[in-house]
Amino acid sequence: MKQYIKINPGDNVCVALAPIAKGTVLDLGGETVTALEEIPQGHKIALCDIPQGGQVMKYGCRIGFASQEIKKGQWIHTHNVKTGLGDLLDYTYEPEGKELEEKPHAYFQGFRRPDGKVGVRNEIWIIPTVGCVNSIASALEKQAAHLVQGTVEAVAAFPHPYGCSQMGDDQENTRKALAALIGHPNAGGVLVLGLGCENSNIPVLKEYLGDVDENRVKFLVCQESQDEMGDAMKLLEELADYAGQFKREPIDADQLIIGMKCGGSDGLSGITANPVVGGFSDALIARGGTTILTEVPEMFGAETLLMNRCANEELFHKTVDLINNFKTYFKRHNQTIYENPSPGNKKGGISTLEDKSLGCTQKSGSALVKGVLEYAQPVKTRGLNLLSAPGNDLVAATALALSGAHMVLFTTGRGTPFASPVPTVKISSNTDLAGRKNNWIDFNAGKLVKPETPRDELPSMEELAEELFSYVLEVASGKKVKSEEAGFHDMAIFKQGVTL
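Below or above, wherever it landed, is the structure these notes cover. The structure displayed is predicted, hence computed values, not measured ones. (Residues numbered from 1 in each chain as written. Predicted model: local features only at pLDDT ≥ 70, side-chain atom pairs only at ≥ 80, totals over all residues. Heavy atoms only, no water.)

### Considerations on the sheet that holds strand β6 (residues 55–58)
Let me state the cut-off plainly: Here, any two strands with at least 2 DSSP bridges between them count as paired. Helical segments are the DSSP runs of H or I of at least four residues, strand segments are the runs of E of at least two, and each set is numbered from the N terminus. Contacts: residue pairs with any heavy atoms within 4.5 Å of one another. Helix axes are fitted only over the stretch in contact, all axes being lines through C-alpha atoms; the angle between N-to-C directions runs from 0 to 180 degrees.
Strands sit in the order β6-β7-β9 across an open sheet of 3 strands; the sheet is antiparallel. Looking at the sheet topology across the chains shown, the edges are occupied by β6 and β9 (81–82). Note: strand β7 (residues 61–66) against β9, 2 bridges, orientation antiparallel. When the bridges of β9 are listed, A66 appears paired with V81. Sheet strands in contact with helix α9 (residues 353–360) are β6 and β7, and its direction is about 165 degrees off that of β7.

### A closer look at the packing of aromatic side chains
Quick note on the threshold: Pairing of aromatic rings covers Phe, Tyr and Trp, the last counted by its six-membered ring, and requires centre-to-centre distances within 6.5 Å; plane angles under 30 degrees mean stacked, over 60 mean edge-to-face, and any other angle means tilted. Buried means the residue's accessible area, taken with a 1.4 Å probe over protein chains only, is under 20% of the maximum for its type, while exposed means over 50%, and partly exposed covers the values in between. The criterion is that NZ of a Lys, or CZ of an Arg, lies within 6 Å of the ring centre and within 35 degrees of the ring normal, and then a charge sits over that ring.
Across all of its chains, the model carries 13 aromatic pairs by this definition. Between the aromatic rings of Y329 and F330, the centroid separation amounts to 5.9 Å while the plane-to-plane angle is 70 degrees, which identifies the pairing as edge-to-face. Exposure class is identical for Y329 and F330. Each is buried. Of the aromatic side chains, those joined through ring pairs into one cluster are F300, F326, Y329, F330, Y375 and F494. K206 extends its terminal NZ or CZ atom over the ring of F219, reaching a point 4.5 Å from the ring centre. Between the NZ or CZ atom of K447 and the centre of the ring of F443, over which it lies, the distance is 5.8 Å.

### Describing the pairing of strand β2 (residues 13–16)
The pairing of strand β1 (residues 4–5) with β2 spans 2 bridges and is classified as antiparallel. What sits directly across from I5, in β2, is V15. Bridging between β2 and strand β5 (residues 44–46) involves 3 bridges; their strand directions are antiparallel. Each bridged residue has a counterpart across the sheet, and for V13 the counterpart in β5 is A46.

Shape is all these values report; function is a separate question.
Encoded structure:
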């Protein structure tokens, strides 16, 4: 197994793929570097002397400046490198990239809905309009477990603390989010559970839903029911009868919408898991499908790479607004724009936000940007889309589902058990994590640099991306991911305003 990698010829650092002991001599194509100290896995080592104020280069881009003089062979991390990012910036559209070459059609077994949408799951969802009825929704989920039979695959409640005591755009966000969740095609039936006196009550929410299939969506106002549990169970039984009529059938992969997110990243995330997901994204888009990239704060420092891949100037300006509006959101709340990476990221080897963002955006592959979405706005254009949402794992993964993602690909270097409203595929950046947390991890991208067994050969990036593509088709066809096997369904709405 190789111990280190220089990602780009223009880099002045390399990354440890495994711990490197002090005194180890690294041979980089004839040039040797001796490690002056121990280098943890995922962390960086200087390939040359870097003066104080000099650029630190990784991925072929600047990830920060040396905060002190760095000697060749030294460990490079937060103690000797600092961000070079500023606040609001002006950008120039310098288009690059091209359309992907088409690939042959692929298919999965999914559910066709009467409105023309496609689902990869056939579940019954219980959605509270307000946090006051969360406990009722959770109790109904347990009581309705017997309805999971035939083609009905789960009954899931989605408690949340909002729907009342909100104002302005914050309340609008909640209403849009709930309406988007109610309309998601992974739900064969939906019970909307209201209290009655909340701001976002059922009559108000119906204005956001438009035309509703009364067979698929049922409503119950708890204050108007003498026996809310009994009445709700009758409605859930009706929904189960309706949803049970749907059967899986062959569907072209060009109908798939896949969200892409990372969390608990480490120094290998931008070398293994994120590029593999980027290869997957290109593979799906080349077959006519759609992917969505989000967590805007983790685009800071790499945003120009996405801007210049916009298919036209209008999308470029939308992407500029996407970035600068999020920076303004930070400033409006008197927060530091670049208060990132997290403690876990730093422990894993990520030193600055540029370092994190350049690794994060690897998930976008090489496709042109075809759409830019506001929070809870549905996808309208096939291909690569950018979505306005924060970096928070639960909020961002939920936002992907709200925009129509059938599932979320979640890369991680440290591991996490959480789920989202849709199947959430956990992809490890390193083989050690995949082995240690087998109950969390669904796909090991770490075998790109470290085999799962000594006898295994290392796959190429292209081979692993195609393997991930095949796995996604299996999940879309009904294979449960680890969080589904555990019975996890999570949902978090983006809170932006005051609470009354």
